[in-house]
Structures are given as C-alpha cells and as structure tokens.
Amino acid sequence: MLRPVLRLLACLMPLAASAHAADGGAAGFATKAAQAYMIEASTGTVLLAKNADQGFSPASLAKLMTMDLVFEALTKGQITLDTEYPVSEYAWRTGGAPSRTATMFAALKSRVRVEDLIKGVAIQGANDSCIILAEGMAGSEQQFAQSMTRRARELGMENAVFGNSTGLPDGKSKVTAREMVTLAAALQQSYPNLYPYFAQPDFEWNKIFQRNRNPLLGLDLGADGLATGFAEGEGYSIVASVQRDGRRLFLTLAGIASDKERTEEAKRVLEWGLTAFENRQIFGEHEVIGSASVYGGMARTVDLVAKVPVSVYIPISNPDRLSARIVYRWPLTAPVKPDYQAGTLRIFAGSRLLREVPLYTAQAVGEGSLSSRAVDAMLELGESLFFSWLWDKSAPG
C-alpha cells in the first residue's frame, strides 16, 4: 500500500490533495500551444505543463529517436562515424530528391558515411538520411522502427509509438510533450560529444547547401537544438533546448497554428522560463527529509534522505506556496538495508507537481524480537484498515 507522509515546507498540503499536478504554468502563464511541457534540467523542475500527456503525431520530431539509436550504437562501438551505408531506391524515392520532402539529396546507389547522415538528420531533418541509417543498422525501416519504440520504453516514454524513422505520416506514430522532453534531455545528457551536431548552422551535400532548420538558433536565446515538425490537421511542433546563464531548459510545444507562430511562441516561452524563476534549495545533501514506518524491526521507523541537494525553480514574483509529500510502499519490512530506495519526495507549488526525487534509507534497521514483531503485526492490521478507508476517500498517491 502506498502511504503518504506529509512534511511542511512553506505550508502543509491537505491530505486529500491529488499527487497529480494540474496542467498550467506558474503565475497563470499561458501558451497558445495545444500541448506543452518545459523543465529546468539541473533540478527537473516542471516550469510549464499543458496537456503534457496528450498524444499527438510526432512528424519530424520522430527523427530525435532515430538519432538516439544512432548515438547509442556509436557509443557502444557497434558502428563508427566512418561506417558507410548504401542509398537504396526506397530511401531515395521515399526521402530523397523525388520525394519533395526534407532531404540531404543523397544519390541513388551511392554510399554515405554515418557522420554525414547524422548531419543530414540533425541539421536538415533529412528523410533520406533517416531511412539510410534505419536500413543500414536494422536491415529494414520497419525493424528499426520497432527498435525505436523499444528504446522509448527504456527511456521511460511509456506511451510513445514510432512507425518509421522519419515521422512521415503512417497513422500510428504517437508521442506526448512530456515524452519528447524526456528524449531531448536523454540526448543532451547521454551523448555530450554527439549532441552538438544539432547546433551546427549548415551542411552541404551533393553540392547543395542548406541551413539548419531550427528557427531558434539565430535568435540569441542560447538555443542548441533540437527539431521541428508539422502534421496535417494537428499543426506545428518543436522540441527545443536552450542554455543560458547557467540554466538549461528543455521545451516541447505542439498544436501551433503556423510556422511563424511556432517560432514566436517558442521564443516567448523560453525567455519566460529563463528570466521568471529563481533556484531555491529546500533540503541539503543527505539531510533527513522524513521517515518511513518499519514492520518487525528493532526500530519502528527509518530516516529517509536524498542523495543530492534538493532544489526547485520557483517564480521570482508571486511565488506559489511550496509543499511536499513523501510516498512509499507501506510498511517497510525488517531487515532494512541502508541506502535502499524506499520512496519518493513529491514537491508542489500550489497544486502543480514541480519535481519528484528518490529517497533512500539513511541507516539499517535490524529484525526485531518475536514480541515486537507481534505488536507490529497488530499495529499494521489497524493502520491498514484505517489507511484503506482514507485512500478510498482521497486521491491516490
């Protein structure tokens, strides 16, 4: 049973309050996007959420998952930047010059180095580059797409589905704004030596010069990635990352009416995220944050700590009140080892869930005597009945 332990930060959140944050931004900030999600990278603080778990067609944003698989293969030594893959007729017709879509203009039946294909995808959003990589790495684009969906699950993207390597319409590909931020953060944090490809200003192939398709790169925002998309009937989308003044933000916007409005809205949201918040440390490294009940132990409780300082970003003006909730699987059963991940700290600003931090046991709790275990068994039965009733009447943790 999940049991909440409430702890006062600025004020106490009522017990019946939901652990799931309402969509919205700080201080009533609103966006024109149909779906939006933005976090501050170092703390994971959620700065903006609007329909963050509502599915939409990724369109060219799917290419970010293609890049993740390529970067992973490079990091594991399965391929190198000098590995060459052939340009099949399918890749050429579907994503190359005849397709009239974004392309690097790879020549039919030529061979292209992986590094050049990466540049084609990261800089130009080239569909032929994606298909050439997919066929070269997996044998077929269909097999590669299955690997994309499997990789999404590994990254914690629970609902994402990828039907191809390009994001071209297929009727089944779906992602969420939250998931695309998760993917963007993974690309930047897991592959720091490869991530800079997304910020390269231009690329020339087959004597055709093309500039980076990311409209934010030249706006003095500190943008260094990542991708844009468009889906018929759903509008324009963008996954962006900026780093400025020691802060990095990851943002996804989708369901925007026009290309121009996408650029303007992304710039406005990112500027707000960079200037309207300040960092506040709530708990220090290994500071005791709360405790968890222990069944059958030499002690009735065990202290819970975070392994890192716990900080959040809050609005500079009109900050919402902060509160927190510790949630763990109740009760822990002795013996309990130290450094065991026993629960999660959920931090709220008003009703918005800002971030979740894993909590670990600070010490060991040995198994208690037979008589103490008997007493604990009686206490557990009584508390189980009480908390079962309470949980039925309040929101689940």
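Use the structure listed above.
Reading the values: the criteria
Residues numbered from 1 in each chain as written. Predicted model: local features only at pLDDT ≥ 70, side-chain atom pairs only at ≥ 80, totals over all residues. Heavy atoms only, no water. Helix = DSSP H or I, 4+ residues; strand = E, 2+ residues; numbered from the N terminus. Contact = heavy atoms within 4.5 Å. Areas by Shrake-Rupley, 256 points an atom, 1.4 Å probe, with all protein chains shown as cover. Buried < 20%, exposed > 50% of the residue type's maximum accessible area, 1.4 Å probe, protein only. Pairing = 2+ DSSP bridges. Salt bridge = Lys/Arg side-chain N within 4 Å of Asp/Glu carboxyl O. Expected span 1.5 Å × (residues − 1). Core = buried A, V, L, I, M, F, W, Y, C linked by side-chain atoms within 4.5 Å. Phe/Tyr/Trp six-rings, centres within 6.5 Å; stacked < 30°, edge-to-face > 60°. Lys NZ or Arg CZ within 6 Å of the ring centre and 35° of its normal. Axes fitted to C-alpha atoms, helices over the stretch in contact; angles between N-to-C directions. Left-handed = near helix turned anticlockwise from the far one by under 90°. Nonpolar A, V, L, I, M, F, W, Y, C, P; charged D, E, K, R; others polar.

Visitor: Please provide a residue-by-residue account of the overall build of the chain, values included.
Guide: Secondary structure summary: the chain contains eight helices and 19 strands in total. Pairs at least 24 apart in sequence give 66% of the contacts found in the chain among residues at least 6 apart. Working note: accessible area of the chain is about 17,600 Å², and carbon and sulfur atoms make up 51% of it.

Visitor: Give a detailed account of the pairing of strand β10 (residues 235-244), specifying residues and quantitative values.
Guide: Summarising burial for β10: seven of the 10 residues are buried, a large majority. Inspection of the sheet shows strand β9 (residues 223-231) paired to β10 by eight bridges, in the antiparallel sense. In the sheet register, Thr228 faces β10, and the bridge partner there is Ile238. Taking the residues between adjacent antiparallel strands as the criterion, β9 and β10 are bridged by three residues, where Gly233 takes a positive phi near 85 degrees. Sheet analysis places β10 next to strand β11 (residues 247-256), joined by eight bridges and oriented antiparallel. Opposite Ser241, over in β11, you have Phe250 as the bridge partner. Hairpin connection from β10 to β11: two residues lie between these consecutive antiparallel strands, with Asp245 at a positive phi of about 55 degrees.

Visitor: So what about the pattern of salt bridges? Which residues, and what values?
Guide: All chains considered together, the criterion is met by 19 salt bridges. Between Asp224 and Arg248 there is a salt bridge; the shortest N-O distance is 2.9 Å. You can see Asp224 sitting in strand β9 and its partner Arg248 sitting in strand β11, a full 24 residues away along the chain. Of the residues examined, Asp224 reaches a relative accessible area of 14% and is grouped as buried. Between Asp259 and Arg262 there is a salt bridge whose closest N-O contact spans 2.9 Å. Placement of the pair is Asp259 and Arg262 together in helix α7 (residues 259-275), with a separation of three residues, close to one helical turn. Given a relative accessible area of 39%, Asp259 falls into the partly exposed group. Of the residues examined, Arg262 reaches a relative accessible area of 7% and is grouped as buried. When salt bridges with common partners are traced through the structure, they connect Asp68, Glu72, Lys76, Arg151 and Glu154 into a single cluster.

Visitor: Describe in detail helix α6 (residues 177-190), supporting the description with residues and values.
Guide: Between the first and last C-alpha of α6 there are 20 Å, a value that for 14 residues agrees with the 20 Å anticipated at 1.5 Å per step. In terms of burial, α6 is a largely internal element, 10 of the 14 residues being buried. Listed in full, the buried residues belonging to α6 are Ala177, Glu179, Met180, Val181, Leu183, Ala184, Ala185, Ala186, Leu187 and Gln188.

Visitor: Give me the nonpolar core: which residues, what numbers.
Guide: Formed by 60 residues in total, the largest nonpolar core has its most connected members in Leu64, Phe71, Phe162, Leu187 and Phe198. Top contributing element to this core by residue count: helix α1 (residues 63-75), with eight residues. In this structure, Phe71 is in contact with Ile118, Leu187, Tyr191, Leu194, Tyr195 and Phe198, ignoring residues within four places of it in sequence. Counting residues in hydrophobic clusters, the runner-up holds 27 residues, among them Ile289, Ala306, Ile326 and Ala334.

Visitor: Now, about the packing of aromatic side chains: what can you tell me, with residues and values included?
Guide: One pass over the full model with this rule turns up seven aromatic pairs. With 6.3 Å between their ring centres and 20 degrees between their planes, Phe203 and Trp205 make a pair best called stacked. Following the ring pairs from residue to residue traces out a cluster consisting of Phe71, Tyr191, Tyr195 and Phe198. It is Lys307 that lies over the ring of Tyr360; its NZ or CZ is 4.2 Å from the centre.

Visitor: Now, about the packing of α1 against α6: what can you tell me, with residues and values included?
Guide: The contact between α1 and α6 brings their axes to 10 Å, and the two run at 30 degrees. Crossing handedness for the pair α1 and α6: left-handed. Every residue of α6 that contacts α1 at Leu64, Met65, Met67, Asp68 and Phe71 is listed here: Met180, Leu183 and Leu187. A breakdown of the residues in the contact of α1 with α6 according to their chemical character gives seven nonpolar, no polar and one charged.

Visitor: How would you sum up unusual backbone geometry? Please name residues and give values.
Guide: The amide bond that connects Gly225 to the next residue, Leu226, takes the cis arrangement and shows omega of 15 degrees. Looking at the element boundaries, Leu226 is found in strand β9. Here Ala334 and Pro335 are connected by a cis peptide whose omega angle stands at 0 degrees. Tracing the backbone shows Pro335 in the loop between β17 (332-333) and β18 (341-349). Backbone geometry at Phe105 places phi at a positive 65 degrees, although glycine is not the residue there. With respect to the element layout, Phe105 can be found in the loop between α2 (89-95) and β6 (111-113). Taking the relative accessible area as the measure of exposure, Phe105 reaches 24% and is therefore partly exposed. A positive phi is found at Asp339, a non-glycine position, where the angle reads about 65 degrees.

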